[in-house]
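An overview of the molecular structure
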Amino acid sequence: MEKLQPTDDYAKFDPEWYLTNYVGTEEASINMRTDLTIYHQFFTQNNIRGKRLLDVGTGPSIHTLLSASNHVDEIILSDYTPQNRQYLENWLNGKTSHPKMMVDFVTSLEGRTVTAEEKENEIRQKVKGILHIDITSEQPLGRDYDGELFDVIITSYCFEAAVTDVPGYKRCIENVSRLLKKGGYLIIGVCLEGDTYQVGEFAYPTMNITKEQVDKAMKESGYEIIASDQIQGTPVDAQFQDFKSYYFFVGK
Ligand SMILES: C[S@@+](CC[C@H](N)C(=O)[O-])C[C@H]1O[C@@H](n2cnc3c(N)ncnc32)[C@H](O)[C@@H]1O
């Protein structure tokens, strides 16, 4: 990684830089295709279905929804930072599009023939809200949230960015789980054994956590892991972040 300014200030998080560099380039797409293949397999092979899905810490990227949206009726997006929520509003209103090669990639996994625009519009129709969330709070969606629980909660690379230690990671699982119906699915993608990731000129901290620590936190929070996959970091990732591997799982 180049010399960057350390910060934990999410007011400085640049959605455009993040989406372009982690999702929108040919180079980034090598890693992103792996994430998308894993999510596709999770949903199709485990018969995951539900009415309502919450995406926690969506950031500017709807990649987690590309497969998920086929398996639910309603979707709520959420993020901590106003600029990410604004970015998602612009996407929802059709002012921006998710990187086309990634949408097309998932369409090809599904064996469908819809265009990227049609697929994005299908997802947009299911999005019923973009909410502020703070996963460090016992009421992550705030006191005014109407309380309707979710059948599926999905979150990618978020908890480890929001807390600094393993007990904090476990509290995020517990806080978010208050929003999940009993018997629902919690699907997580987590960066393992690294300390930092780049957004523009800034280096954001992440907590250094192992697969064993994540599994233990899930088990202690009452989950059984019904599907999982782990991939090693690549030289492409090393350009912007320092994680050893990435772990994806479905908790029930
Ligand atoms: C590394 S980005 C991941 C974005 C996206 N989910 C993805 O996979 O590309 C981390 C996200 O966590 C969000 N975040 C940071 N602190 C948070 C908190 N306390 N509660 C909820 N989200 C938070 C950030 O705004 C950012 O969008």
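All values reported here derive from a predicted model rather than from experimental measurement.

Turning next to the sheet that holds strand S8 (residues 202-205). In space, the three strands of this open sheet follow the order S1-S8-S7, with mixed pairing throughout. Looking at strand neighbours, the two that pair on one side only are strand S1 (5-6) and strand S7 (196-199), the edges of this open sheet. Where S7 lies against S8, four bridges are found, and the strand directions are antiparallel. Looking at the pairing, Val199 lines up with Phe202 of S8.

Before going further, it helps to examine the nonpolar core. Counting residues in each nonpolar core, the largest one holds 70 residues, and the members touching the most others are Val152, Ile153 and Val190. The leading source of residues in this core is strand S6 (residues 180-192), at eight residues. Not counting the four nearest positions on each side in its chain, Ile153 is found in contact with Leu54, Val56, Val176, Leu179, Leu180 and Leu186.

Our focus in this paragraph is the site of the ligand. Neighbouring residues of the ligand: 20 residues in total, closest Gly57, Gly59, Tyr80, Ser156 and Ala162. Taken together, the residues that form the shell around the ligand break down as ten nonpolar, eight polar and two charged.

This part covers unusual backbone geometry. One non-glycine residue, Asn47, lies in the positive phi region at around 55°. Considering the arrangement of structural elements, one finds Asn47 in the loop between helix H2 (26-45) and strand S2 (50-56). Given 7 C-beta atoms within a 10 Å radius, Asn47 is considered exposed. One non-glycine residue, Glu193, lies in the positive phi region at around 50°. Following the sequence through the fold, Glu193 ends up in the loop between S6 and S7. Taking the number of C-beta atoms within 10 Å as the measure of exposure, Glu193 has 16 and is therefore partly exposed.

The rules behind each value
- One numbering rule holds for all chains: residues counted from 1, following each sequence as written.
- Where totals are concerned, whole chains, interfaces and linings use all residues; where local detail is concerned, this predicted model gives features only for residues with pLDDT of at least 70, and gives and counts side-chain atom pairs only at 80 or more.
- DSSP calls a pair of strands paired once it identifies at least 2 bridges connecting them.
- Strands are runs of DSSP state E lasting at least two residues, helices are runs of H or I lasting at least four, and both sets are numbered from the N terminus onward.
- Buried Ala, Val, Leu, Ile, Met, Phe, Trp, Tyr and Cys residues whose C-beta atoms connect them within 7 Å together make up a nonpolar core.
- Any residue surrounded by 20 or more other C-beta atoms within 10 Å of its C-beta is treated as buried, while 12 or fewer makes it exposed and the intermediate range makes it partly exposed; C-beta atoms here are placed from the backbone.
- Once C-beta atoms have been placed from the backbone, residue pairs whose C-beta atoms lie within 7 Å are recorded as contacts.
- Put plainly, near means the residue's C-beta atom, positioned from the backbone, lies within 6 Å of the molecule or strand in question.
- Basically, the charged four are Asp, Glu, Lys and Arg, the nonpolar ten are Ala, Val, Leu, Ile, Met, Phe, Trp, Tyr, Cys and Pro, and anything else, Gly included, counts as polar.

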